[in-house]
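The lines below spell out each chain.
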Amino acid sequence: MLNNIDAVLFDLDGSLVDSMWLWRDIDIEYLGRYGIPLPEGLQSEIEGMSFSETAVYFKERFHIPETLDKIKSDWNQMAWDKYTHQVPLKEGAQAFVEYCHQNNIRLGIASSNSRELVENVLQVHGIMDYFDGIVTSCDVAKGKPAPDVYLEAARRCHATPKRCLVFEDIVPGILAGKAAGMRVCAVWDEYSRYQESDKKRLSDYYIKDYLEIMEKLNSQRRFN
């Protein structure tokens, strides 16, 4: 998987950290402020949208009276405590990130989340300094499934797309990585389990967690 790879690029939510569950809770709470029940299928409709695109979608669909900046600020405040205290890294992710760093594989983030929350979660887990390029979909013209966020992450990691490996948990993200000309490893996540067959079909690799990768790497070390 890591042969001829110069940079590993992670989506954040559901791929590097186990956090997809919290956004449904936040949507329920936020819409509840305006007396609006959570519509069925809302999470699927906003998959891959940038933080800013999602704010526009909420404002227009639900007629939210607040400004876009206020909507995003409210979401950041609601998510901050959960990301700080309730969101773990995926199993084996810490060891894998450290392995890549120690072996001169550059690391990047390509997330649809806000920069404030991305940087917060990396700081909380003590891995912020390992990353060479952090890009959010708000930094580029189009969110996933467009390739923009992955191409920009590769540029900041000084890596050509064909020598990048992407880790993604949802179909729009997998499509974004493939459209960027990169190899993509799908990551299992409870939130997207209904997409499993498509995730396996569209990606180059598939893992349940990063422990799988570390077991193979440790096995290779023993035989070398």
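Conventions used here
- Residues numbered from 1 in each chain as written.
- Predicted model: local features only at pLDDT ≥ 70, side-chain atom pairs only at ≥ 80, totals over all residues.
- Heavy atoms only, no water.
- Helix = DSSP H or I, 4+ residues; strand = E, 2+ residues; numbered from the N terminus.
- Rg over C-alpha atoms; globule rule 2.2 N^0.38 Å.
- Buried < 20%, exposed > 50% of the residue type's maximum accessible area, 1.4 Å probe, protein only.
- Contact = heavy atoms within 4.5 Å.
- Areas by Shrake-Rupley, 256 points an atom, 1.4 Å probe, with all protein chains shown as cover.
- Lys, Arg positive; Asp, Glu negative; His and termini not counted.
- Charge placed at Lys NZ, Arg CZ, Asp CG, Glu CD.
- Core = buried A, V, L, I, M, F, W, Y, C linked by side-chain atoms within 4.5 Å.
- Pairing = 2+ DSSP bridges.
- Right-handed = clockwise from strand over helix to strand, strands pointing away.
- Salt bridge = Lys/Arg side-chain N within 4 Å of Asp/Glu carboxyl O.
- Disulfide = S-S within 2.5 Å.
- Axes fitted to C-alpha atoms, helices over the stretch in contact; angles between N-to-C directions.
- Parallel < 35°, antiparallel > 145°, perpendicular 65-115°, else oblique.
- Left-handed = near helix turned anticlockwise from the far one by under 90°.
- Nonpolar A, V, L, I, M, F, W, Y, C, P; charged D, E, K, R; others polar.

Student: Pulling in residues and values, what's your account of the overall build of the chain?
Tutor: Within the chain, the secondary structure is distributed over 10 helices and 6 strands. Rg of the C-alpha trace for the chain: 17 Å, near the compact-globule value of 17 Å for 224 residues, within the 12% margin. Taken over the C-alpha atoms alone, the chain extends approximately 60 × 35 × 35 Å along its principal axes. Burial status across the chain gives 53% buried among its 224 residues. Considering only intrachain contacts with a sequence separation of at least 6, the fraction spanning at least 24 residues in the chain is 66%. For the chain, the exposed area adds up to about 10,400 Å²; of that, 49% sits on carbon and sulfur atoms. Charged side chains in the chain number 26 positive and 35 negative. The centres of these two groups are separated by 5 Å.

Student: Give a description of the nonpolar core that names residues and reports values.
Tutor: In terms of nonpolar packing, the biggest core is built from 52 residues, with Val-8, Phe-10, Leu-16 and Phe-167 touching the most fellow members. Beyond its immediate stretch of four places on either side in the chain, Val-8 contacts Leu-2, Phe-96, Cys-100, Ile-105, Arg-106, Leu-107, Gly-108, Leu-165 and Phe-167. Counting 19 residues, the second largest nonpolar core, distinct from the first, contains Ala-110, Ala-153, Cys-164 and Ile-174.

Student: Explain the pairing of strand 4 (residues 164–168) to me, and be specific about the residues and the numbers.
Tutor: Within strand 4, 5 of the 5 residues are buried, leaving the element largely enclosed by the surrounding structure. A two-sided burial pattern is seen for strand 4, the buried positions comprising Cys-164, Val-166 and Glu-168 on one face and Leu-165 and Phe-167 on the other. Note: strand 1 (residues 7–10) against strand 4, 4 bridges, orientation parallel. Residue pairing in the sheet places Phe-10 in a bridge with Phe-167 of strand 4. Sheet topology places strand 4 next to strand 5 (residues 183–187); 4 bridges connect them, and they run parallel. Of the residues in strand 5, the one forming a bridge with Phe-167 is Cys-185. The β-α-β motif built from strand 4, the intervening helix 8 (residues 171–179) and the parallel element strand 5 has right-handed crossover chirality.

Student: Pulling in residues and values, what's your account of the environment of Val-121?
Tutor: Within the fold, Val-121 resides in helix 6 (residues 115–124). Val-121 sits 104 residues away from Val-17 along the chain, and the two C-alpha atoms are 8.5 Å apart. Apart from the residues within four sequence positions on either side, Val-121 is in contact with Leu-12, Val-17 and Tyr-83.

Student: So, the pattern of salt bridges: which residues are in play, and what are the values?
Tutor: Using the criterion set out here, one finds 15 salt bridges in the structure. Here Lys-144 ties to Glu-168 by a salt bridge, and the two come within 2.7 Å at their closest N and O atoms. A residue pair is termed long-range when its members are at least 10 positions apart, and Lys-144 in the loop between strand 3 (133–136) and helix 7 (148–156) and Glu-168 in strand 4 qualify at 24 residues. For Arg-193, the salt bridge goes to Glu-190, with nearest N and O atoms at 3.0 Å. Classification of Glu-190 as partly exposed rests on a relative accessible area of 43%. What emerges from the salt-bridge pattern is a single network uniting Asp-11, Lys-144 and Glu-168.

Student: How would you sum up the state of the cysteines? Please name residues and give values.
Tutor: Inspection of the entire model under this criterion finds 0 disulfides. With no disulfide partner, Cys-100 has as its closest neighbouring cysteine sulfur the one in Cys-157, 11 Å distant. In this structure Cys-100 comes out as buried when scored by relative accessible area, which is 0%. Here Cys-185 is not disulfide-linked; the sulfur of Cys-100 is the nearest cysteine sulfur, at 12 Å.

Student: If you had to explain the side chain of Asp-27 to someone new, which residues and values would you point to?
Tutor: By the secondary structure assignment, Asp-27 is in helix 1 (residues 20–32). Of the buried charged residues, Asp-27 lacks a salt bridge, with Arg-24 as the closest side chain of opposite charge at 7.8 Å. Those residues in contact with Asp-27, other than ones at most four positions away along the chain, are Leu-38, Leu-42, Gln-43, Ile-46 and Phe-58.

Student: Provide a residue-level description of the packing of helix 3 (residues 51–62) against helix 4 (residues 68–85), including the pertinent values.
Tutor: A pair of packed helices is characterised by two quantities: the angle between their axes and the separation of those axes. Orientation of helix 3 relative to helix 4, taken along the N-to-C sense of each, is 115°, at an axis distance of 9 Å. The angle between helix 3 and helix 4 falls in the class roughly perpendicular. Between helix 3 and helix 4 lies a crossing of right-handed hand. Residue-level contacts link Phe-51, Ser-52, Thr-54, Ala-55, Val-56, Phe-58 and Lys-59 of helix 3 to Leu-68, Ile-71, Lys-72, Trp-75 and Asn-76 of helix 4. Of the residues contributing to the contact of helix 3 with helix 4, the split by class is 7 nonpolar, 3 polar and 2 charged.

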